[in-house]
Amino acid sequence: MKKALALLLSAALALSLVACGSNSSSTASSAASGTSSAATTTGDVANKDKPLVWFNRQPSNSSTGELDMNALNFNENTYYVGFDANQGAELQGTMIRDYIEANIDTIDRNGDGIIGYVLAIGDIGHNDSIARTRGVRRALGTAVEKDGVIDSTPVGTNADGSATAVQDGSLEINGKTYVIRELASQEMKNSAGATWDAATAGNAIGTWASSFGEEIDIVASNNDGMGMSMFNAWSKANEVPTFGYDANADAVAAIAEGYGGTISQHADVQAYLTLRVLRNALDGVDIDTGIGTADDAGNVLSDDVYYYNADERSYYALNVAVTSENYEDFMDSTKVYEPVSAQLDETAHPTKTVWLDIYNAADNFLSATYQPLLQNYDDLLNLKVEYIGGDGQTEANITNRLSNPSQYDAFAINMVKTDNAASYTALLSQ
Ligand code: BGC
Ligand code: CA
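Below, the structure is looked at part by part. Note that this is a predicted model, so its numbers are computed, not measured.

Here is what the cut-offs are and how they apply
Residues numbered from 1 in each chain as written. Chains lettered and ligands numbered in written order. Predicted model: local features only at pLDDT ≥ 70, side-chain atom pairs only at ≥ 80, totals over all residues. Heavy atoms only, no water. Helix = DSSP H or I, 4+ residues; strand = E, 2+ residues; numbered from the N terminus. Expected span 1.5 Å × (residues − 1). Buried < 20%, exposed > 50% of the residue type's maximum accessible area, 1.4 Å probe, protein only. Contact = heavy atoms within 4.5 Å. Near = heavy atom within 4 Å. Polar contact = N/O pair within 3.5 Å; in protein donor to acceptor, adjacent residues only side chain to side chain. Areas by Shrake-Rupley, 256 points an atom, 1.4 Å probe, with all protein chains shown as cover. 1 Å grid on protein atoms, 1.4 Å probe; cavity = no way out; pocket = protein on both sides within 12 Å on 5 of 7 lines; lining within 4 Å. Sits in = over half its atoms within 2 Å of the grid points. Nonpolar A, V, L, I, M, F, W, Y, C, P; charged D, E, K, R; others polar. Pairing = 2+ DSSP bridges. Donors = N, O, S within 2.8 Å, 3.2 Å for Na, K, Ca; no water.

### Topic: helix H5 (residues 127-140)
- Its 14 residues place the ends of H5 20 Å apart at the C-alpha level, agreeing with the 20 Å of an ideal helix rising 1.5 Å per residue.
- Among all positions in H5, only Asp-128, Ser-129, Ile-130, Ala-131, Arg-132, Thr-133, Gly-135, Val-136, Arg-137, Ala-139 and Leu-140 are buried.
- Against strand E2 (78-83), helix H3 (85-102), strand E3 (114-121), strand E7 (169-173) and strand E8 (176-187) lie the buried residues of H5.
- A positive backbone phi angle near 75° is found at Gly-141, which sits one or two residues after H5.

Below, the structure written as structure tokens:
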């Protein structure tokens, strides 16, 4: 019995050594000659059958939010990795309401009994952005329902409270009733078409402040990129609490200087999952390996940081509020998550190549937080990742740089627009 096991083990070792050897030599020769690596261990897998992970932008209809199940079921090794947008949105709304309640004595800057806020919207066709707009409006009582769901339409300016996409809310604090008003909201899209645009948000707060600055008591933003731009342009100097989302390092640090708070979407867990599902598919092991079930190096996630929805083929990380009470624990936003920080053994998990794109190289969250995390995990998981940075405007800017999918073992895709999955899957199906 023992002997048979030993034999089996040594056979497995020999096999994986062979696999490893052929893989590294083909990588070297393809790099030298610049030709495709027909000799990689997965060289005979058709592109359409290679592992594929969508991340950060979930394939879905940008007007209805309906998931694009064709894209999510592209092949049996296709997944989405993101975070729970509704849970995070509720946390963001509650964080802002709690702040108002705790600071009611000082928050109403002009003393008119109205707590006014402005809201920076990232992308009106992005699930996460829509959820955050709804979360803030729900918590502050300014939400209006339309067709059974909260309207997430930007109002433009609403200093007089007459907009129809929102209503004036009210909060009773210490026996006194305050009106809550969304004074303005706008999609922060620049003239070239890039969404979640920080510079646009910085300009917008300037415009808003010059016409009704005294009425702005709170600044809310769908993300920290736009939030920090508004904070630096106006709210820091005017001591107006500003709330964002993502827990980017600069935003977390700014909490010490009056930034109101942010939400961590557990990018450290998402970046790991993004590459881990590819690693597992390439290893041909159970997809839960190193996720819900410890792997051979001891990596495992507990269910308080993520969950998997099998029907949606989607992994969702859970969010955490980051405020003046706990921000010191979140200062290093690019640190790998300790429970999944063990190096995989190169013999058992030989190096594979992955093509990965970031939809907009200028996106604060993706470039400052997510990509550095991916770069930490790729080494731990023995993945050689080619990172492509898009312009945030057109899919073609990215797909043009996927001219030879046969060179890669797996793909990780971050789309410009959530409707556009077919622009990528078409290339893999050729
Ligand atoms: C992030 C934003 C980012 C967007 C890009 C969101 O999940 O919170 O900061 O701009 O993804 O798709
Ligand atoms: Ca006021």
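So that's the structure; there's more coming.
### A short note on the site of ligand 1
- Asn-56, Arg-57, Asn-223, Asp-246 and Asp-363 are the nearest of the 13 residues found near ligand 1.
- One nitrogen or oxygen atom from the side chain of Arg-57 is found 2.7 Å from an oxygen atom belonging to ligand 1.
- In the model, an oxygen atom of ligand 1 is placed 3.5 Å from a nitrogen or oxygen of the Asp-128 side chain.
- Burial of ligand 1 by the protein chains amounts to 100% of its free accessible area of 310 Å².
- With respect to the pocket detection grid, ligand 1 is positioned in the largest cavity.
- Of the residues that constitute the shell around ligand 1, the class distribution is 4 nonpolar, 4 polar and 5 charged.

### Here's the deal with the pairing of strand E15 (residues 352-358)
- Of all 7 residues that make up E15, 7 are buried, and the element is covered over most of its length.
- Along E15, one buried face is formed by Lys-352, Val-354, Leu-356 and Ile-358 and the opposite face, lined by Thr-353, Trp-355 and Asp-357, is buried too.
- Taken together, the 7 bridges between E15 and strand E16 (residues 383-389) define a ladder with parallel strand orientation. The residue of E16 that forms the bridge with Val-354 is Val-385.

### Regarding the coordination of the calcium ion (ligand 2)
- Here the calcium ion (ligand 2) is held by the protein donor atoms Asp-108 (OD), Asn-110 (OD1), Asp-112 (OD), Ile-114 (O) and Asp-217 (OD), which lie 2.3 to 3.0 Å from it.
- Mapping the donors of the calcium ion (ligand 2) onto the primary sequence yields the spacing D-x1-N-x1-D-x1-I-x102-D.
- What makes Asp-108 buried here is its relative accessible area of 15%.

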